[in-house]
Amino acid sequence: MSVFVPLGKPAHDRGRGASGVAYLLINPPITDPTTPYHSIPYLVGAAREAGHTAYGCVDANLDAFEYLADPERFGAAIDSARRTRAAIEGRPGPLSRHEEIRYRQSLAAEGLTASSARDAVRVFKDPELFYHPPTYAQAVAVMNRWWDLLAMDMPPGTLDGFSMRAKSTVNLCSTADLSDPAVVEAVSRPFEGYFADEFDSRLRERSWDLVGLSVNYTSQLPVALRMARLIRAALPGAVIVFGGTEVGDVVKYAADPEAPWRVFQDADLIVPGEGESALVGILDAIRDGAGFDGVGGVMTRSRPNPRIAFGSVATLASPAYDVWEWDRYWSPEPVILYSPTRGCYWNKCTFCDYGLNTDRPTSPSRERPVAAVMEDLRQASRFGRTLYFAVDAMSPRYLRTLAAALAESPLDIRWAAELRLERTFPERAVGELLAASGCVAVSFGYESGTQRVLDLIDKGVRIAQVPDVLAELARNGIAAQMMGFTGFPTESEAEALATYEFLQDNEKLWTTAGIGVFSLTPGSIVAKDPGRFGIELLPISASDDIERYVNWRERDSSAVHWPEATDSRIPREYVASIRKVTFDRPFVGGIDSAHSLLYYARFGRALLPEVPAGEEPLVRLAAEPVVSVPFASVESLTGVDDLMAEVGRRSRQHLDTTAAAYDDWLHGTGTARPGSCGALVLAHGDVVELPAGVDFTADTAMARALRLMVAAQART
């Protein structure tokens, strides 16, 4: 697949008269409902400017979760979980592992009411309750419980918050699973009511010429495939197009060039790269009755290897933010995503592998003229004043120019972005300029706390200078969010610990941090030149023919490295030491989340306001009941962690990891032991087994105190 960067305007004419081609763009589940992704506004903006003004936009992710949050439907989910629990309790003989997993999930229903989900969404949207941490925590607790209830209707292990695991009992790295209608239908089962009651009627409201699915996260992929099947049935004559970052990843990482068409079997066209010019070209072709093989950046069945263009952002139309109903999203005010630049000006990091660029870690850097950015932001400010600049990295020069323009502008904008740790920040008083421009938080890819590893990464950062950069921001009230990982090739245990110790030593200079575990991707410099990093690449599981990750081994070690959720070398207290906030994405404390950005804008770099110890929530949405369990121990029941251990075992042994391979394991005998015990269901859904011999269910002062004591200890 060839790649080029065109100069000047794209090939299509600008500003021509309106066409009669009707197109519908869809954002599918499952992803974050707190704010919309920005791909569809950019696509509509470009199409409008080219004269294609007959369009519709559906945020099916938001619509589906709103549909499921309705008290009647949420109440039905609670009732279903309780019936499942009762049926499992009444079953004679040993339980299967699948039954035990479902039993544990069913406990999430206890302490909820039919209105809990709707009321939690109201807290997220309320301009006072949202900013009261104890009340906000209640709303997050309902979401955590809700995920367990949704997961009961899906293949085990698939759902992970408002996301999906890439590998569980459904393998999103497998074309066999993704091309199996029964598998994608099983994953989509919680949304079938929404599809039948609301989505189908939206499809049929007019004769759409084109329907496009914007798939930007792996967690959206299986549901988008199910939706495409429904679109084909409802609109047999429509051109169905798949585009978005995740679509590009499937095309890029598929071992077989024909695999994308097996995955996107209901698609007529695939757009694996940037979509604005491609969409306009497709709409032009439909209008003119022409074929699609001549449209740049578009895969057709007769032309599977198109030339991929990284277009000029200077000539793009402004994004059409008016396509969304902003007051419906789950935040008290809109948070808008906007991209003043695309690509990375540094573009050297050896671990990085993003987009379709084949000769560098990510796409080439392109900058929109600041005057055009300011006009875009003026238009965006009609819908919201809080923005996240969704960029790979802005150059220091461009950042200063943009910040100066914002500081001088009458626009009342608060913003955040991911930037590089530039040593010039203190020298040039960049913190003061950023604060004056409305910047409230900056995310940094800090990566490692040791210089040797940073040099291997080619990060271009001196670790000794990082505290000065952070201090410059802190002095000006700007929060720093630190991101990194351990496990880079040849990293020692001491170097891995140093990544945490650096944050511990400088904990007053940053607000939130997230340290993951290194995963090697096939397009990175490390994977392309493994000898330079002292490693050899190993075969992946035979089932994983979408090669999202690569397994590897250091030449002087027998240890094989697979994608891992945790680094076993890191003590638990180290992990706890950098976790200042309980929640993760998309909630407050999650790096780059809309809710975090609003809290920074309200409370500054502290993120959370001071709350008196023991302060109660203003509304209580999730009770903490004690339930009787007819097993000797709740903790002995098979759980999702056990399932994921089996997924890892099968992958390491190169066994089949497609959906059908787990039937025997799931139906095998579980680990439940006969007996009885009490369990406390905490607000956020965790279950704590209670000591025997004490009646925790009594409505007495002593029993209430004991419940509070157990809950407090469990949370600690």
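Above this text you will find the structure in question.
Every value quoted in this text rests on a predicted model; they were computed, and no experiment measured them.

Asks: Help me out: how do you make sense of unusual backbone geometry in this one?
Replies: Peptide bonds are, in most cases, trans, and in most cases residues other than glycine have a negative phi. Each neighbour pair has its own omega, and for proline 29 with isoleucine 30 the value is 10°, a cis peptide bond. Locating isoleucine 30 in the fold gives a position in the loop between strand S2 (22–27) and helix H1 (39–49). Cis peptide bonds are those with omega within 30 degrees of zero, and the linkage from arginine 585 to proline 586 qualifies with 5°. Mapped onto the secondary structure, proline 586 falls in the loop between helix H22 (572–577) and helix H23 (594–603). Positive phi outside glycine occurs at threonine 490, with the angle close to 75°. On the basis of relative accessible area, threonine 490 is assigned to the partly exposed category, the value being 29%. A positive phi angle, near 70°, is found at aspartate 592, a position not held by glycine. Here aspartate 592 lies in the loop between H22 and H23.

Asks: What should I look at first to understand the nonpolar core in this one?
Replies: Soluble, globular proteins show a tendency: their nonpolar side chains are buried together. Grouped together as the largest cluster of nonpolar side chains are 184 residues, with contacts concentrated most on Ile26, Met143, Trp146, Phe242, Phe264, Phe389 and Phe444. At 11 residues, the largest contribution of residues to this core is made by helix H6 (residues 133–151). Excluding residues that lie within four positions of it along the chain, tryptophan 146 makes contacts with Phe65, Leu68, Ala69, Phe74, Ala117 and Trp330. Cys344, Ile457, Phe518 and Val526 belong to the second-largest nonpolar core, a separate cluster that totals 16 residues.

Asks: Got a minute to help me understand helix H3 (residues 71–89) in this structure?
Replies: Within an α-helix, residues lying three or four positions from one another point in the same direction, as the helix has 3.6 residues per turn. With 19 residues, H3 extends 27 Å between its outermost C-alpha atoms, agreeing within 8% with the 27 Å of an ideal straight helix rising 1.5 Å per residue. Where H3 is concerned, the buried positions are Phe74, Gly75, Ile78, Ala81, Thr84, Arg85 and Ile88. Where H3 begins, the side chain of aspartate 70 points an oxygen toward the backbone nitrogen of glutamate 72, at a separation of 3.0 Å.

Asks: So what exactly am I meant to see when it comes to the sheet that holds strand S8 (residues 335–338) here?
Replies: In a beta sheet, neighbouring strands are held together by backbone hydrogen bonds and run either parallel or antiparallel to one another. Taken in spatial order, the six strands of this open sheet run S8-S11-S12-S13-S14-S15, and their pairing is parallel. Looking at strand neighbours, the two that pair on one side only are S8 and strand S15 (512–517), the edges of this open sheet. Mean inter-strand twist for the sheet, computed between neighbouring axes without regard to direction, equals 15°. For strand S13 (residues 439–447) and strand S14 (residues 479–486), the ladder comprises six bridges, and the chain directions are parallel. Within the sheet, the bridge partner assigned to glutamate 447 lies in S14 and is glycine 484. Helix H14 (residues 370–380) rests against S8 and strand S11 (386–389) of the sheet, and its axis sits at about 155° to S8.

Asks: It is not clear to me how the environment of serine 96 should be interpreted in this structure. Could you clarify?
Replies: Relative to the assigned elements, serine 96 resides in the loop between H3 and helix H4 (97–106). Taking the C-alpha atoms as reference points, serine 96 and leucine 607, separated by 511 residues in sequence, lie 45 Å from one another. If we skip the residues at most four places from it in the chain, serine 96 touches Leu666, His667, Gly668, Thr669 and Gly670.

Conventions and cut-offs
- Throughout this description, residue numbers start from 1 for each chain and increase along the sequence as written.
- In keeping with the model being predicted, local features are shown solely for residues with a pLDDT of at least 70 and side-chain atom pairs are shown and tallied solely at 80 or more, while totals for entire chains, interfaces and linings include all residues.
- With hydrogens and water stripped out, all remaining heavy atoms of the structure feed into the side-chain values.
- Helix and strand labels come from DSSP, where a helix needs a run of H or I of at least four residues and a strand needs a run of E of at least two; each type is numbered from the N terminus.
- Relative accessibility under 20% of the residue-type maximum defines a buried residue, over 50% an exposed one, and the middle range a partly exposed one, all with a 1.4 Å probe and only protein chains included.
- We call a set of buried Ala, Val, Leu, Ile, Met, Phe, Trp, Tyr and Cys residues a nonpolar core when their side-chain atoms join them within 4.5 Å.
- Any two residues having at least one pair of non-hydrogen atoms within 4.5 Å are treated as being in contact.
- How far a helix is expected to stretch is found by multiplying one less than its residue total by 1.5 Å.
- Here a polar contact means two N or O atoms within 3.5 Å. Within protein one must be a hydrogen donor candidate and the other an acceptor candidate, and residues neighboring in sequence count only if both atoms are side-chain atoms.
- When DSSP finds at least two bridges between two strands, those strands are taken to pair.
- Whenever a helix is involved, its axis is fitted only over the stretch in contact; in every case the axis is a line through C-alpha atoms, and angles between N-to-C directions fall within 0 to 180 degrees.

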